[in-house]
Amino acid sequence: MAAADQKELQDAVDQQMKGAVTVIVFGASGDLAGKKTYPALYNLYRTGFMPKDTHIIGYARSKLDHDEYIRRITAHIKDKDKEEEFIKMTDYVSGKYDEDESFQKLNERIEELEEKRGLKPGQKNRIFYMALPPSVFEPVAEGLRKFVYGRKEDGHSRIVIEKPFGKDTESCTELLNNIKKLFAEEEVYRIDHYLGKEMVKNIMTLRFANMFLRPMWCAESIDNVQITLKEPFGTEGRGGYFDEYNIIRDVMQNHLLQVMSLIAMEKPKGSDPESIRDAKVELLRCVQPVKLHDTLLGQYVAANGKPGYKDDDTVPKDSICPTFAAMVLFINNKRWQDVPFIMKAGKALDNTKVEVRIQFKDMPSGIYEEAVRNELVIRIQPDEAMYFKFNSKNPGLSKRVITTDLDLTYKDRYKDMRIPDAYETLILDVLRSDHANFVRDDELDAAWKIFTPLLHQIDRDHIQPHTYPYGSRGPKDLDCFCKRYGVQRRGDVPYEWPVQSLAK
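Quick caveat, the model's predicted, so the values are computed rather than measured.

1. Let's talk about the overall build of the protein chain
- Of the regular secondary structure elements, the protein chain holds 14 helices and 15 strands.
- Compactness check: the protein chain gives a C-alpha radius of gyration of 24 Å against a globular reference of 23 Å for 504 residues, within 12% of the reference.
- With 504 residues in all, the protein chain has 54% of them scored as buried.
- Summed over all atoms, the accessible surface of the protein chain reaches about 23,900 Å², with 50% contributed by carbon and sulfur.

2. Looking at the UniProt feature "domain: Glucose-6-phosphate dehydrogenase NAD-binding" (unreviewed entry) in the protein chain
- With numbering matched to this structure, UniProt assigns "domain: Glucose-6-phosphate dehydrogenase NAD-binding" (unreviewed entry) to residues 24-202.
- From the first C-alpha to the last, residues 24-202 spans 30 Å; its make-up is 43% helix and 17% strand.

3. With respect to the pattern of salt bridges
- Using the criterion set out here, one finds 42 salt bridges in the structure.
- Linking arginine 71 and glutamate 68 is a salt bridge whose minimum nitrogen-to-oxygen distance equals 2.8 Å. In this pair, arginine 71 and glutamate 68 are both assigned in helix H3 (residues 66-74), 3 residues apart and thus about one turn of the helix distant.
- We classify arginine 71 as partly exposed; its relative accessible area is 49%.
- Given the relative accessible area of 24%, glutamate 68 is considered partly exposed.
- The salt bridge partner of glutamate 153 is arginine 151, with a shortest N-O separation of 3.5 Å.
- Shared partners join several salt bridges into a network, and the residues in it are Glu274, Arg277, Asp278, Arg440 and Asp442.

4. Looking at the nonpolar core
- By size, the foremost hydrophobic cluster in this structure holds 154 residues, and its most contacted members are Phe26, Ile248, Met252, Met327, Leu329, Phe341 and Phe451.
- If one sorts the elements of this core by residue count, helix H9 (residues 239-264) sits on top with 12 residues.
- Residues lining this core come from more than one domain, with at least three contributed by each of domain 1 (3-162) and domain 2 (195-417 + 440-484).
- Apart from the residues within four sequence positions on either side, phenylalanine 26 is in contact with Tyr59, Tyr97, Phe103, Leu106, Phe128, Tyr129, Met130, Ala131, Leu132, Val140 and Leu144.

5. Some remarks on the UniProt feature "domain: Glucose-6-phosphate dehydrogenase C-terminal" (unreviewed entry) in the protein chain
- Following the UniProt record, the feature "domain: Glucose-6-phosphate dehydrogenase C-terminal" (unreviewed entry) maps to residues 204-487 here.
- Counted over residues 204-487, helix gives 30% and strand 23%. Its end C-alpha atoms are 25 Å apart.

6. A few points about the sheet that holds strand E3 (residues 90-94)
- Ordered in space as E3-E2-E1-E4-E5-E6, the 6 strands form an open sheet in which the pairing is parallel. Whereas interior strands pair on both sides, the edge strands pair on one side only; in this sheet they are E3 and strand E6 (188-191). Strand-to-strand twist in this sheet, taken as the mean axis angle between neighbours without regard to direction, amounts to 20°.
- Pairing of strand E1 (residues 20-26) with strand E4 (residues 126-130) involves 5 bridges; the strand directions are parallel. Following the sheet pairing, valine 25 is matched in E4 by tyrosine 129.
- Contacting E1, strand E2 (53-60), E3 and E4, helix H5 (residues 100-116) crosses the sheet at an angle of about 165° to E2.

7. Concerning the pairing of strand E9 (residues 324-329)
- Counting buried residues along E9, 6 of its 6 residues qualify, which places the element largely inside the surrounding structure.
- Burial of E9 is two-sided: the residues Phe324, Ala326 and Val328 facing one way and the residues Ala325, Met327 and Leu329 facing the other way are all buried.
- Inspection of the sheet shows strand E8 (residues 295-301) paired to E9 by 4 bridges, in the antiparallel sense. When the sheet's bridge partners are listed, glycine 298 is paired in E9 with phenylalanine 324.
- Pairing between E9 and strand E10 (residues 341-346): 6 bridges, direction antiparallel. Bridged to alanine 325 within E10 is alanine 345.

8. Section: the domain arrangement of the protein chain
- For the protein chain, the assigned domains are domain 1 (3-162) and domain 2 (195-417 + 440-484).
- On a C-alpha basis, the centres of domain 1 and domain 2 stand 35 Å from each other.

9. A word on helix H13 (residues 441-460)
- Compared with an ideal rise of 1.5 Å per residue, which puts 20 residues at 28 Å, H13 spans 27 Å between its outermost C-alpha atoms and is within 8% of the ideal.
- If you look at H13, its biggest bend is around 40°, right at phenylalanine 451, and the proline proline 453 turns up within four residues after that.
- Residues of H13 that are buried: Asp441, Glu443, Leu444, Ala446, Ala447, Trp448, Ile450, Phe451, Thr452, Leu454, Leu455 and Ile458.
- One or two steps after H13, the chain reaches histidine 462, where phi turns positive at roughly 55°.

10. As for the confidence of the model for the protein chain
- Mean pLDDT for the protein chain: 92, with 97% of residues reaching 70 or above.
- A low-confidence stretch, residues 492-497 stays under pLDDT 50, and its non-local contacts, those more than four residues away or across chains, total 13 contacts.
- This model gives residues 500-504 a pLDDT under 50, and the stretch forms 2 contacts once residues within four places in sequence are excluded.

11. Side note on the packing of helix H8 (residues 198-208) against H9
- Relative to each other, H8 and H9 sit at 10°, their axes nearing to 9 Å. Classified by the angle their axes make, H8 and H9 are roughly parallel. Where H8 abuts H9, its residues Val200, Ile203, Met204 and Arg207 lie against Val259, Leu262, Ile263 and Ala264.
- Class assignment of the residues belonging to the contact of H8 with H9 gives a composition of 7 nonpolar, no polar and 1 charged.

12. Quick look at the packing of helix H10 (residues 273-284) against H13
- Between H10 and H13, the least distance of the axes is 9 Å, while the angle of their chain directions is 20°. What the angle tells us is that H10 and H13 run roughly parallel. Like other packed secondary-structure pairs, H10 and H13 cross with a definite hand, here left-handed. On H13, the residues that touch Arg277, Lys280, Val281 and Leu284 of H10 are Asp442, Glu443, Ala446 and Ile450.
- Residue composition of the contact of H10 with H13, by class: 4 nonpolar, no polar and 4 charged.

13. Points about unusual backbone geometry
- Omega for the bond connecting lysine 163 with proline 164 falls within 30 degrees of zero, at 5°, which places this linkage in the cis form.
- With respect to the helices and strands, the residue proline 164 is situated in the loop between strand E5 (157-162) and helix H7 (169-180).
- The linkage connecting glutamine 381 with the following residue, proline 382, adopts the cis geometry, with an omega of -10°.
- Its location among the elements puts proline 382 in the loop between strand E12 (375-381) and strand E13 (385-393).
- Of note in this structure, lysine 18 is not a glycine but carries a positive phi near 55°.
- Given the relative accessible area of 49%, lysine 18 is considered partly exposed.
- In this structure, alanine 348 is a non-glycine residue whose phi angle is positive, near 60°.
- By the secondary structure assignment, alanine 348 is in the loop between E10 and strand E11 (353-360).

Here is what the cut-offs are and how they apply
- Position numbers for residues count from 1 along each chain, tracking the sequence in the order it is written.
- The model is predicted, so local features are restricted to residues of pLDDT at least 70 and side-chain atom pairs to those at 80 or more, both for listing and for counting; the totals for chains, interfaces and linings are taken over all residues.
- Side-chain numbers here rest on the full set of heavy atoms in the structure, without hydrogens or water.
- Helix and strand definitions here come from DSSP, where helices need a minimum of 4 consecutive H or I residues and strands a minimum of 2 consecutive E residues; each element is numbered from the N-terminal end.
- For a compact globule the rule gives 2.2 Å times the number of residues to the power 0.38, and the radius of gyration it is set against comes from C-alpha atoms.
- Burial here depends on accessible area, computed with a 1.4 Å probe over protein chains only, as a share of the maximum for the residue type. Under 20% is buried, over 50% is exposed, and the range in between is partly exposed.
- Using a 1.4 Å probe, accessible areas were evaluated by the Shrake-Rupley method; residue-level cover was limited to the displayed protein chains.
- UniProt positions are given in the numbering used here, feature names are shortened, and annotations may be inferred rather than shown by experiment.
- We count a salt bridge whenever a side-chain nitrogen from Lys or Arg sits within 4 Å of a carboxyl oxygen from Asp or Glu.
- The nonpolar core is taken to be a set of buried Ala, Val, Leu, Ile, Met, Phe, Trp, Tyr and Cys residues, with the residues joined through side-chain atoms within 4.5 Å.
- Here the bounds of each domain stem from an automatic or database domain assignment.
- Between two residues, a contact is recorded if the distance between any of their heavy atoms is within 4.5 Å.
- Note on pairing: two strands pair once DSSP finds at least 2 bridges between them.
- Here an axis means a line fitted to C-alpha atoms, over the contact stretch when the element is a helix, while the angle between two N-to-C directions is reported on a 0 to 180 degree scale.
- Helix span, as expected, comes to 1.5 Å for every residue beyond the first.
- Bend is computed residue by residue as the angle between axes fitted to the seven residues ending at the residue and the seven residues starting at it.
- Predictor confidence is given residue by residue as pLDDT, running from a minimum of 0 to a maximum of 100.
- Each angle receives one of four descriptions, namely roughly parallel if under 35 degrees, roughly antiparallel if over 145, roughly perpendicular if within 65 to 115, and oblique otherwise.
- Residues are grouped as follows: Ala, Val, Leu, Ile, Met, Phe, Trp, Tyr, Cys and Pro are nonpolar; Asp, Glu, Lys and Arg are charged; every other residue, Gly included, is polar.
- Crossing handedness follows the turn of the near helix against the far one: under a right angle anticlockwise gives a left-handed crossing, and clockwise gives a right-handed one.

What follows is the structure, encoded as structure tokens:
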């Protein structure tokens, strides 16, 4: 990062935090905190983005001694150069999530540390990070507001909430209303970590900083948009949890829909967070609810030495929970009229991939019948990249048309550049009071209205998913399903620049 950019971000943090903050991580003994939250906090510290006077308190029900707590929160830290310093600025409090006495004890510890550090009014900032299951969101929020919420004249109080935000429109509305009673909307940061990923953040720059894309970003030029998330592992170890939510609630209603909204939204009125979120909400309100006939559901079965979904003892043997879904969304506005947005997501598939593939319309029939469709591909992970597939003459005497690409692969183009983890980016945004990459309450409401009718129909009518083998591309009907909506597939063979020796 350029020194000027780093200083600008550091100044923004200092302006908001006045040089001090206490971060309280709820669920500190769990996997999410150990694998994501603490490594993100550590990397922000080692790269100079945490306030100078920072203390981190882990809070959970587990009765951990100091050594076990440190072992858990440092297990996934990679660069160890400042680990000892980081350890000195954190400690652990054990307590319940629904007991007044536990929250009083936590507040006493926070006040003790604030006094010990000599913090002045304006510096007693508190960030409450809820790395917790949704079942305890509300009691924890109530305990915080009643016993641990700081006085406004002393500093900021902010609450960071992880998904899932409900299971349908009704449960989401109930959760939103309960949180609203306790915290103002500007104090709430609802994390969808996909909004912190490098290539997702780059979508707005790609769209609104490049004039050549403007005339082609519409139904006149684009045939279909595919947004794909593939995971090569199943639900081993968390099948019971997953069965309650399924692949649609787990990654499609949130992660993939967020990507879609950035791809499809109109240009925001400004670059401020609320203008960006206004544009996303406006787009989501134009998306028609997903229909069952525009959906293909799947569930993986044992294959290639791997167990099937229902082989997990925590999963009901009659489960209809989809572990794979392909669904088509339509946007009822002028820009995207009749353009299918095809979401595909699944577990236990053949590889790891998250990408957006924008497939342009066929060329009118003419002199190059062998020319294939142009595609713009945004690879979110792994190996961040953007490439534009186009047709070119085969070099030399040949007149044959070949497909090649204009390729921006980050690891090849940008040397010695560290791309921060999504959680680092988002926690830094919390410190900077930047809501642009967080989900607003009306955005959640609009998102759930797209999926709730389908989710209720699946449960009500007991819709059986198609089976697919562990390690495959998904249900065998996938290609036929996508072809119905105009998708042309040429396989998963990677495209490479043609290389020709002039000596031959």
